[in-house]
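Architecture and fold: a report
The residues making up each chain are set out below.
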Amino acid sequence: MENQVLTPHVYWAQRHRELYLRVELSDVQNPAISITENVLHFKAQGHGAKGDNVYEFHLEFLDLVKPEEEERLNKLRLESEGSPETLASLRKGYLFMYNLVQFLGFSWIFVNLTVRFFILGKESFYDTFHSVADMMYFCQMLAVVETINAAIGVTKSPVMPSLIQLLGRNFILFIIFGTMEEMQNKAVVFFVFYLWSIIEIFRYPFYMLACLDMDWKVLTWLRYTVWIPTYPLGCLAEAVSVIQSIPVFNETGRFSFTLPYPVKIKVRFSFFLQIYLIMLFLGLYINFRHLYKQRRRRYGQKKKKVH
């Protein structure tokens, strides 16, 4: 008695110049795939609708397959547990949710600061920290994930620019503003938080759409353009906050210390703040250069025709 030939479920999708087939099998072993003229031959051992068996099918195309196209058989992908496609879907879902949460957080900060400014005017500057600090703490602590993603290869972003931004912002937020109540009522807090949020409300939705393989041209242009004025202004606002904090740290003596005997020299924390100012503008150069390269790759100048 001849064995019954089992046919798996096959899903078809087609673009202008590409054809995609998905074979619904898991735990696939020894797949044999070939093309003869206009017929695709498939045979493999795997788990399908009829359990663990050998599944086979032949698919006839409307036209002959060009010989060079046979090299593109990788377009036929086998769905199995732990397959690269499954892992890629999980990765995209994880990144989409991360960017969505960050987008909602920074959008809340941006809208809150904007509404308060139109209602209270300049008076809203001096209560910015107490109004949105909790949300900013949350967003900046969550931003650690972004640097980890770059470090372990979940995203293709370089680690250094992400790390510089993470450490720089968290230093301003947690040390300059968070530990000194005298700094929390200054107007510079408004400008630092507002400029940070402007950058992120365009960056995170751009990454969200990228997870869905979508490209909205207006958003893409904003993502690669808004940083040009806002990034240097944000860095300038951070520098102003550091400069304003130096006399405060000198008066309070916070984080200052005395070297042990026989040196016995008092080292003020303001000394490290002055060093930080130099590092701040060095970091600005590194990140600005990185962002400029990204924009140039996206909107590179067309080569001039040589007559």
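Calculation rules
Residues numbered from 1 in each chain as written. Predicted model: local features only at pLDDT ≥ 70, side-chain atom pairs only at ≥ 80, totals over all residues. Heavy atoms only, no water. UniProt positions renumbered as here; feature names shortened; annotations may be inferred. Helix = DSSP H or I, 4+ residues; strand = E, 2+ residues; numbered from the N terminus. Salt bridge = Lys/Arg side-chain N within 4 Å of Asp/Glu carboxyl O. Pairing = 2+ DSSP bridges. pLDDT = per-residue confidence, 0-100. Contact = heavy atoms within 4.5 Å. Expected span 1.5 Å × (residues − 1). Bend = angle between axes of the 7 residues up to and from the residue. Buried < 20%, exposed > 50% of the residue type's maximum accessible area, 1.4 Å probe, protein only. Axes fitted to C-alpha atoms, helices over the stretch in contact; angles between N-to-C directions. Core = buried A, V, L, I, M, F, W, Y, C linked by side-chain atoms within 4.5 Å. Patch = residues over 30% accessible without salt bridge, like charges linked within 9 Å, V, L, I, M, F, W, Y side chains within 5 Å. Areas by Shrake-Rupley, 256 points an atom, 1.4 Å probe, with all protein chains shown as cover. Left-handed = near helix turned anticlockwise from the far one by under 90°. Nonpolar A, V, L, I, M, F, W, Y, C, P; charged D, E, K, R; others polar.

When the UniProt feature table is mapped to this numbering, "transmembrane region" (unreviewed entry) covers residues 95-115, 162-180, 186-206 and 269-288. Between the end C-alpha atoms of residues 186-206 there is a gap of 32 Å, over a span that is 90% helix and 0% strand. Between the C-alpha atoms that bound residues 269-288 the distance is 28 Å, and the span itself is 100% helix and 0% strand.

Applying the stated criterion across every chain yields a total of six salt bridges. Lysine 92 is the salt-bridge partner of aspartate 213, the closest N and O atoms lying 3.0 Å from each other. Taken as a pair, aspartate 213 in the loop between α6 (188-211) and α7 (217-223) and lysine 92 in helix α1 (residues 84-120) lie far apart in primary sequence, 121 residues in all. Across the pair aspartate 127 and arginine 116 runs a salt bridge whose closest N-O atoms are separated by 3.6 Å. Linking aspartate 127 in the loop between α1 and α2 (128-142) with arginine 116 in helix α1, this pair joins segments that are eleven residues apart in sequence. Salt bridges sharing partners connect three or more residues here, namely Glu146, Arg169, Glu200 and Arg203.

Moving on: the pairing of strand β3 (residues 26-36). Consecutive side chains of a regular strand alternate in pointing toward one face of the sheet and then the other. Bridge analysis of β3 against strand β4 (residues 39-48) gives seven bridges, and the strand direction is antiparallel. Paired with threonine 36 across the bridge in β4 is valine 39. Linking two consecutive strands that pair antiparallel, namely β3 and β4, is a turn of two residues; a positive phi of about 55 degrees is found at glutamate 37 within it.

The subject of this paragraph is the confidence of the model for the chain. On average, residues of the chain carry a pLDDT of 86, and 89% of them reach 70 or more. Low pLDDT, under 50, characterises residues 303-307; the stretch is placed with zero contacts to residues that sit more than four places away or in other chains.

Moving on: α2. Taking 1.5 Å as the rise per residue, α2 with 15 residues should run 21 Å; its terminal C-alpha atoms sit 21 Å apart, in good agreement. Where α2 bends most, at aspartate 134, the angle is about 40 degrees. By the burial criterion, the buried members of α2 are Thr128, Phe129, Val132, Ala133, Met136, Tyr137, Cys139 and Gln140.

Spatial strand order, β3-β4-β5: three strands in an open sheet with antiparallel pairing. Sheet topology places β3 and β5 (51-60) at the edges, where each strand pairs with a single neighbour. Across this sheet, the average inter-strand angle for adjacent strands is 10 degrees, counted without regard to direction.

With 50 residues, the main nonpolar core has Ile172, Ile176, Phe177, Val192, Phe193 and Leu273 as its most contacted residues. Where this core is concerned, the elements lending two or more residues are α1, α2, α4 (159-177), α6, α8 (227-252) and α9 (269-298). Among the elements that line this core, the one with the most residues is α6, at twelve residues. Sequence-distant contacts of phenylalanine 177, that is, excluding residues within four places in its chain, are made with Phe129, Ile172, Met183, Gln184, Val188, Val189, Val192, Phe193 and Ser241. In this structure, Val23, Ile35, Phe42 and Phe57 belong to the second largest nonpolar core, which totals eleven residues.

There is a patch of nonpolar side chains on the surface, built from Phe257, Leu259, Val263, Ile265, Phe271, Phe272, Ile275 and Met279 and spanning about 700 Å² of accessible area. Broken down by element, the residue count for the nonpolar patch peaks at four residues, all from α9. Here phenylalanine 257 is to be found in strand β7 (residues 257-258). Overall, phenylalanine 257 belongs to the partly exposed group, its relative accessible area being 36%.

Next up on the list: α4. With 19 residues, α4 extends 26 Å between its outermost C-alpha atoms, agreeing within 8% with the 27 Å of an ideal straight helix rising 1.5 Å per residue. By the largest-angle criterion, phenylalanine 171 marks the main kink of α4, which is about 25 degrees. Of all the positions in α4, only Pro161, Ser162, Leu166, Gly168, Arg169, Asn170, Phe171, Ile172, Leu173, Ile176 and Phe177 are classed as buried.

Our next topic: the side chain of asparagine 99. Locating asparagine 99 in the fold gives a position in helix α1. Ignoring sequence-local partners within four residues, the contact set of asparagine 99 consists of Tyr204, Tyr207, Met208 and Cys211.

A few words on the side chain of asparagine 38. Here asparagine 38 lies in the loop between β3 and β4. Residues in contact with asparagine 38, not counting those within four places in the same chain, are Leu59, Glu60, Phe61, Asp63, Leu64 and Val65.

Turning our eyes to something else, we now look at the packing of α4 against α8. Orientation of α4 relative to α8, taken along the N-to-C sense of each, is 35 degrees, at an axis distance of 11 Å. In the crossing of α4 with α8, the sense of the turn from one axis to the other is left-handed. Note on element contacts: α8 touches α4 through Tyr231, Glu238, Ser241, Val242, Ser245 and Phe249, opposite Gln165, Gly168, Ile172, Ile175, Ile176 and Phe177. Of the residues that constitute the contact of α4 with α8, the class distribution is seven nonpolar, four polar and one charged.

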